[in-house]
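Structural overview for review
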Amino acid sequence: FARMFVQVCLYFYCKCLWRCLKFVVRKLTGRCELQRICYNTKPGAARTMKIEASLKASKSKRLQTSVSVHPDAIEKTIDDIMELKRINPDINPQLGISLQACLLQIVGYRNLIAEVEKLRREPYDSENPQHEEMLLKLWKCLKSNSPLKARISKQWCEIGFQGDDPKTDFRGMGLLGLYNLVYFAEWDTEIAQQVLSDSLQPKYREVTKKELSQFSKAEWEKKKFDKAIGYSFAIVGINITDLAYNLLVSGALKTHFYNVAPEAPTLTHFQQTFCYLMHEFHKFWIEEDPLDIMEFNRVREKFHKRILKQLQNPEMALCPHFAASESLTNM
């Protein structure tokens, strides 16, 4: 109880001290915290995340709720913030532009989570012509020279599905898994086909002296054919979709999206990030040289931690060549 009491007292002391410090700094500089962030921090994740934290920590409900307004209400929200903070827009014209860019990213990220979640929750329906069309499109993009003989076919295993009807593999990620795979196959076709080809032509590990000491050579020759390091392309794609989804929902992808999307991040940004993750995971899988497919979860977790570590850098952009605009530097 005593420890809890001390922690509560310390929390309120720090909170009051922080507010007092902010008040003193404003009096000394003539600028509120939002102004100081916009004027002293370059555009991108560093600025937007500071603005987001400042608004959420504000004692004003109007400022706290500004991070969740409808996109159409952002301009009015900026006016309300300027009025509440007693900032003259005529003297600080650039501030409104900077705040608007930040709010578009913040609100856009929240809306993107909702859009992605909706796709994830929508199950694949084989009676839906649009769903079926997308599935067939995936096949055509990946296997353009090999016509699909039937909708229910063992051929689906050639692109990494588990059985003769892919719909059962979309249960975990719903339509989101299919959307991502189709985007990868359609817009990054060359890399997608190369990754698929590599996954179908696994290399076999050479026996090492240590491993040979544990098995006789005859036993290893028999065993090594079970140790191929290939994987099922489509199943891994759905799994990497799950990884990308978790990065998004946890907020880890804010760093990336706030650096590459000058305004609101969209589903296209998310799908481009998925393409990057698929390509990088494929290279990581080869580098890790796992003993067999049973090591997939270990390699995936290690890859996940690697991406999380990269995203801790506020200047990180996982795939900067996907940036939607070069105008970020002007905001």
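Residues numbered from 1 in each chain as written. Predicted model: local features only at pLDDT ≥ 70, side-chain atom pairs only at ≥ 80, totals over all residues. Heavy atoms only, no water.

The name given to the protein in an unreviewed UniProt entry is ELMD1 protein, and the organism recorded there is Nyctibius grandis.

Thoughts on the environment of asparagine 180
Considering the arrangement of structural elements, one finds asparagine 180 in helix H8 (residues 174-187). A relative accessible area of 0% places asparagine 180 in the buried class. Excluding residues within four positions of it along the chain, asparagine 180 makes contact with Thr241, Phe270, Gln271 and Phe274. (Helix = DSSP H or I, 4+ residues; strand = E, 2+ residues; numbered from the N terminus. Buried < 20%, exposed > 50% of the residue type's maximum accessible area, 1.4 Å probe, protein only. Contact = heavy atoms within 4.5 Å.)

What to know about unusual backbone geometry
Residues other than glycine seldom take positive phi values, yet arginine 86 does so here, at roughly 55°. Looking at where arginine 86 falls in the secondary structure, it is placed in the loop between helix H5 (74-84) and helix H6 (93-121). We note that aspartate 289 has phi near 50°; this positive angle belongs to a residue other than glycine. Relative to the assigned elements, aspartate 289 resides in the loop between helix H14 (267-288) and helix H15 (296-311).

What to know about the pattern of salt bridges
Enumeration over the complete set of coordinates arrives at 17 salt bridges. When the shortest N-O distance is used, the salt bridge between glutamate 132 and arginine 151 registers 2.7 Å. Within this pair, whereas glutamate 132 is found in helix H7 (residues 129-142), its partner arginine 151 is found in the loop between H7 and H8, the two being separated by 19 residues in sequence. Given the relative accessible area of 15%, glutamate 132 is considered buried. A salt bridge links glutamate 287 to arginine 306, with the shortest nitrogen-to-oxygen separation between them at 3.8 Å. Taken together, the residues glutamate 287 in helix H14 and arginine 306 in helix H15 connect sequence positions 19 residues apart. (Salt bridge = Lys/Arg side-chain N within 4 Å of Asp/Glu carboxyl O.)

Details of the packing of aromatic side chains
For any two aromatic rings, the description comes down to two numbers: the centre-to-centre distance and the angle of the planes. Taken as a whole and assessed by the stated rule, the structure comprises 16 aromatic pairs. When the ring of phenylalanine 184 is compared with that of phenylalanine 233, the centres are 6.2 Å apart and the planes differ by 15°; the resulting orientation is stacked. In this pair, phenylalanine 184 sits in helix H8 while phenylalanine 233 sits in helix H12 (residues 233-250), placing the two residues 49 residues apart along the sequence. By way of ring pairs, the aromatic residues Tyr231, Phe281, Phe284, Trp285, Phe296 and Phe303 are connected into one cluster. (Phe/Tyr/Trp six-rings, centres within 6.5 Å; stacked < 30°, edge-to-face > 60°.)

Quick notes on the packing of H8 against H14
Contact geometry for H8 and H14: axes closest at 9 Å, N-to-C directions at 70°. Taken together, the axes of H8 and H14 are roughly perpendicular relative to one another. Residue-level inspection shows Leu176, Tyr179, Asn180, Leu181, Tyr183 and Phe184 of H8 in contact with H14, the latter providing Leu267, Thr268, Phe270, Gln271, Gln272, Phe274, Cys275 and Met278. Of the residues contributing to the contact of H8 with H14, the split by class is 10 nonpolar, 4 polar and no charged. (Axes fitted to C-alpha atoms, helices over the stretch in contact; angles between N-to-C directions. Parallel < 35°, antiparallel > 145°, perpendicular 65-115°, else oblique. Nonpolar A, V, L, I, M, F, W, Y, C, P; charged D, E, K, R; others polar.)

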